[in-house]
Amino acid sequence: MSEREYEVLIIGSGPAGLSAALNARVRNKSVAVVSRRLASPSLDKAPSIDNYLGVERIGGADLENRFIEQARGAGAYLLECDVLGLFNLGDSFSAFTSAGDYGCKAVVIATGAVQAASIPGESQYVGSGVSYCATCDGPLYRGKRAVVLGYTAHAAEEANFLAEICSQVTFVAVRGGKAEGVPELREEIRVVRGPAKAIHGAVSVTGVEIEGETIPADGVFVIRDSMPAERLIEGIEVADGAIRVNRDMATNIPGAFAAGDCTGRPYQVAKAVGEGQVAGLSAARYVDALPK
Ligand SMILES: Cc1cc2nc3c(=O)[nH]c(=O)nc-3n(C[C@H](O)[C@H](O)[C@H](O)COP(=O)(O)OP(=O)(O)OC[C@H]3O[C@@H](n4cnc5c(N)ncnc54)[C@H](O)[C@@H]3O)c2cc1C
């Protein structure tokens with residue numbers, strides 16, 4: 001297998017993804033974990049985890065760091081990049097990422113809970129002005145007007161990058177303000193208070209509506225911590241925003257498994273770790289059963 005081919009590819013480096021990685025490695029599979037950040041946006045916000053068995057009162061980020069070290073120590077390859085699409089090729093998958101394409105036999109989706117409902121107009125203009133990755137699609141808007149919808153450190157970084165190439169960048173702080181720890185925006189970026197009410201356009205995007213104003217735009221970058229699963233891979237079954245899985249954490253797509261907050265409540269570390277274990281072992285079993 002090439003360095004871009006793995007038996008098991010895991011999307012997301014929160015507790016679910018890292019538990020899946022550890023357990024697929026225990027079954028001796030080649031494993032890559034690809035994640036927007038080698039971190040858990042949820043655990044990073046948790047000042048103290050008090051209900052994870054065997055570890056008393058630990059900061060969320062400290063617990064996440066232990067998980068990362070354990071998965072890496074077990075031999076999983078950890079890579080920081082955005083997964084923008086996952087393609088089902090029948091007996092394998094191809095992940096289109098901000099660091100190029102990666103192939104795998106089985107995939108575990110562990111992308112966490114999706115925070116916000118879709119903005120009216122968002123789905124309609126995907127590919128015609130709406131993008132989820134400035135690093136990937138930004139060059140298409142060189143010299144044009146861009147609007148960034150977000151509140152995280154990642155959203156601010158994307159806005160700063162766009163400010164280098166676009167004629168005008170507006171940052172719509174979707175929660176009405178930047179979260180703590182979000183890097184400073186370049187001074188030429190206009191910051192307005194969200195949330196965005198709608199994305200408007202004709203053939204392609206023309207603007208973003210907020211309270212009392214429509215901001216003209218050629219490109220709208222919607223930067224969330226997590227992407228809805230049905231946008232990640234075509235045909236995956238989702239109910240009430242959660243990926244449907246069976247007791248083996250298998251989705252309706254053969255070879256695709258899911259674990260953690262993306263499969264629904266309760267949103268808890270212990271549930272994520274447990275589901276990750278089952279998903280990692282199921283993925284390994286699936287790979288073993290494939291014709292050699
Ligand atoms: C403030 C707060 C306090 C909490 N307190 C507790 C507590 O006390 N006890 C408890 O048990 N739980 C607590 N939780 C919940 C806990 O943090 C989550 O249940 C847990 O982190 C879920 O793990 P996960 O692996 O499913 O998802 P996450 O930890 O959210 O990880 C998702 C991963 O997917 C990656 N990702 C998403 N989309 C993409 C993409 N397209 N491409 C690449 N990577 C992607 C992200 O970068 C991230 O690494 C708390 C959460 C919050 C916010």
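Residues numbered from 1 in each chain as written. Predicted model: local features only at pLDDT ≥ 70, side-chain atom pairs only at ≥ 80, totals over all residues. Heavy atoms only, no water.

Locating Gly 73 in the fold gives a position in helix α3 (residues 60-73). For the pair Gly 73 and Leu 22, spaced 51 residues apart in sequence, the C-alpha to C-alpha distance is 9.0 Å. (Helix = DSSP H or I, 4+ residues; strand = E, 2+ residues; numbered from the N terminus.)

Moving on, we come to the environment of Ala 202. If you trace the backbone, Ala 202 turns up in the loop between β11 (198-201) and β12 (205-210). Under the relative-accessibility criterion, Ala 202 is labelled exposed at 59%. (Buried < 20%, exposed > 50% of the residue type's maximum accessible area, 1.4 Å probe, protein only.)

What surrounds the ligand is a group of 32 residues, the closest being Ser 35, Ala 39, Ser 40, Asp 261 and Val 269. The separation between a nitrogen atom of the ligand and a polar main-chain atom of Arg 36 is 2.9 Å. In this structure, an oxygen atom belonging to the ligand sits 2.7 Å away from a main-chain N or O atom of Ala 39. Elements supplying a minimum of two residues to the shell around the ligand: α1 (15-26), α2 (41-45) and α7 (269-289). (Near = heavy atom within 4 Å. Polar contact = N/O pair within 3.5 Å; in protein donor to acceptor, adjacent residues only side chain to side chain.)

Turning our eyes to something else, we now look at the side chain of Ser 92. Tracing the backbone shows Ser 92 in the loop between β4 (83-88) and β5 (93-97). Look at Ser 92 and you get buried, because its relative accessible area is 16%. Those residues in contact with Ser 92 that lie beyond four places of it in its chain are Phe 87, Cys 104 and Lys 105. (Contact = heavy atoms within 4.5 Å.)

Take the nonpolar core next. Within the largest apolar cluster, 42 residues are counted, with the highest numbers of intra-cluster contacts made by Leu 86, Phe 93, Ile 109, Val 130, Leu 149 and Val 220. Here this core gets 4 residues from one element, more than from any other, and that element is strand β6 (residues 100-109). Residues in contact with Val 220, not counting those within four places in the same chain, are Gly 129, Val 130, Ser 131, Val 147, Leu 149, Ile 199, Val 205 and Val 208. The next biggest cluster of nonpolar side chains, apart from the first, holds 36 residues, and it includes Ile 49, Val 108, Ala 259 and Val 273. (Core = buried A, V, L, I, M, F, W, Y, C linked by side-chain atoms within 4.5 Å.)

Moving on to the packing of aromatic side chains. With the rule as written, the count across this model stands at 4 aromatic pairs. On the basis of an interplanar angle of 85° and a centroid distance of 5.5 Å, the ring pair of Tyr 141 and Phe 221 is categorised as edge-to-face. Residue Tyr 141 is found in the loop between α4 (134-137) and β8 (145-150), and its partner Phe 221 is found in strand β14 (residues 219-222); the two are separated by 80 residues along the sequence. Where Phe 257 meets Tyr 286, the ring centres are 6.2 Å apart and the plane angle is 70°; that geometry is what we call edge-to-face. Of this pair, Phe 257 sits in strand β17 (residues 256-258) while Tyr 286 sits in helix α7, and the two are 29 residues apart along the sequence. For Phe 257, a relative accessible area of 6% corresponds to the buried category. (Phe/Tyr/Trp six-rings, centres within 6.5 Å; stacked < 30°, edge-to-face > 60°.)

The next subject is the sheet that holds strand β13 (residues 213-216). With antiparallel pairing, the 3 strands of this open sheet are ordered in space as β11-β12-β13. Looking along the sheet, the strands with just one partner apiece sit at the ends: β11 and β13. Each adjacent strand pair in this sheet contributes to an overall mean axis angle of 30°, direction not counted. Pairing of β11 with β12, which is carried by 4 bridges, proceeds in the antiparallel orientation. Paired with Ala 198 across the strands is Glu 209, a residue of β12. (Pairing = 2+ DSSP bridges. Axes fitted to C-alpha atoms, helices over the stretch in contact; angles between N-to-C directions.)

With that settled, consider α3. Spanning 14 residues, α3 covers 20 Å between terminal C-alpha atoms, matching the ideal 20 Å at 1.5 Å per step. Where α3 is concerned, the buried positions are Gly 60, Leu 63, Glu 64, Phe 67, Ile 68 and Ala 71. The arc that holds every buried residue of α3, seen down its axis, measures 140°, which confines them to one face. Along α3, exposed side chains directed more than 90 degrees from the buried face belong to Arg 66 and Gly 73. Summarising the contacts, the buried residues of α3 are in contact with α1, α2, β3 (77-80) and α7. Gly 75 sits one or two positions beyond α3 and adopts a positive phi of about 105°. (Expected span 1.5 Å × (residues − 1). Arc of directions from axis to C-beta.)

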